[in-house]
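Overview (structure and organization)
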Amino acid sequence: MSREIVGFLSTAWEAANAAGEIIRASWQQPKLIDYKGAIDVVTSVDKECERTIVEVIRRNYPDHSILAEEETELEGAQREYRWIVDPLDGTTNFAHGYPQFCVSIALEYGGQVIIGLVYDPLRRECFRAIKDQGATLNGSPIRTSGVNELDKALLATGFPYDRRENADFYLSFFKAFLTRCQGIRRNGSAALDLCYVACGRIDGFWELKLKPWDIAAGALIVAEAGGTLSTFSGDQFTIWGDETLASNGVIHDEMIRVANETAKANID
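For clarity, every value in this text was computed on a predicted model and none was experimentally measured.

Now for the sheet that holds strand β11 (residues 154–157). Pairing is mixed across the open sheet formed by 5 strands, whose spatial order is β12-β11-β13-β15-β14. Edge positions in the sheet fall to β12 (183–185) and β14 (228–230), since each of these pairs with one other strand and no more. Going from strand to strand, the sheet's axes swing by 20° on average, the running direction of each strand aside. As paired strands, strand β13 (residues 204–208) and strand β15 (residues 243–247) are joined by 5 bridges and run antiparallel to one another. The partner of Phe-205 across the bridge, within β15, is Ala-246. Where helix α5 (residues 190–198) meets the sheet, its contacts fall on β11, β13, β14 and β15, and the angle it forms with β13 comes to roughly 155°.

Scanning the entire structure with this criterion turns up 14 aromatic pairs. For the pair Phe-159 and Phe-174, a centre-to-centre distance of 6.0 Å together with 35° between the ring planes defines the contact as tilted. Here Phe-174 lies in helix α4 (residues 167–178) and Phe-159 lies in the loop between β11 and α4, a separation of 15 residues in the sequence. A residue is classified by how much of its surface remains accessible, and Phe-159, at 19% relative accessible area, is buried. Between the aromatic rings of Phe-169 and Phe-173, the centroid separation amounts to 5.2 Å while the plane-to-plane angle is 85°, which identifies the pairing as edge-to-face. Here Phe-173 and Phe-169 lie together in helix α4, a separation of 4 residues that amounts to about one turn. By relative accessible area, Phe-169 is classed as partly exposed at 31%. Chaining the aromatic ring pairs together yields one cluster made of Phe-8, Tyr-61, Tyr-81, Trp-83 and Tyr-109. Directly above the aromatic system of Trp-13 lies the positively charged group of Arg-128, at a separation of 5.3 Å from the ring centroid. Above the face of the Tyr-196 ring, Arg-201 is positioned so that its terminal group lies 4.8 Å from the ring centre.

How each quantity is defined
Residues numbered from 1 in each chain as written. Predicted model: local features only at pLDDT ≥ 70, side-chain atom pairs only at ≥ 80, totals over all residues. Heavy atoms only, no water. Pairing = 2+ DSSP bridges. Helix = DSSP H or I, 4+ residues; strand = E, 2+ residues; numbered from the N terminus. Axes fitted to C-alpha atoms, helices over the stretch in contact; angles between N-to-C directions. Contact = heavy atoms within 4.5 Å. Phe/Tyr/Trp six-rings, centres within 6.5 Å; stacked < 30°, edge-to-face > 60°. Buried < 20%, exposed > 50% of the residue type's maximum accessible area, 1.4 Å probe, protein only. Lys NZ or Arg CZ within 6 Å of the ring centre and 35° of its normal.

Written as structure tokens, this is what we have:
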């Protein structure tokens, strides 16, 4: 591992750990909650974590760009490097005291994500990945599951913030997978869902309309753990797209068929 990569990872961990300490200290305390939309919440802790993460990154790499969920977008002199940050993925869970949320930090170089780190501060689980160098959980290598049939698979999903307006459309995918798999979990943190695919706790995941900060780190962790990512139709995955389909790789074609058939049925 190069000294440069070690430095990137060290900074990502310093930032995530600092944010994690804030989250652990406040998650069961009264919270100041604002609304970005009808059901899209943000807390004062999200903002404090983002400020803390940005401070750590700027101190170590002042020339790098930063894109973060809570309205931080800084252009650096070295624009080929961009940090993509979700200071608290699973804010709705956090706001209600439901223990499923994390910090997600990725580093993009020349349009490719090269570092991904997702930290669950309650379980003290840190998922890391380096492009072309594998993925780990608390330092131990991880791999996706070996489940080879959708019928025997445990899946996870989430619903976009416009679900009140488009409930039938999103539920059509849920029903299609529900009748073809062993079970579905709806945990409320896409970054952790992707990490759970990576370490074999679940076998596949799908969701629509995720943002880059939701999935940049988790997607790299899945890929480096041997998993597969694509759109619902099987096209190349991008963190800037509207469709995320992730799996252990073995059941991916089956998941594509279900998602694609469901999408077409909604058009007809």
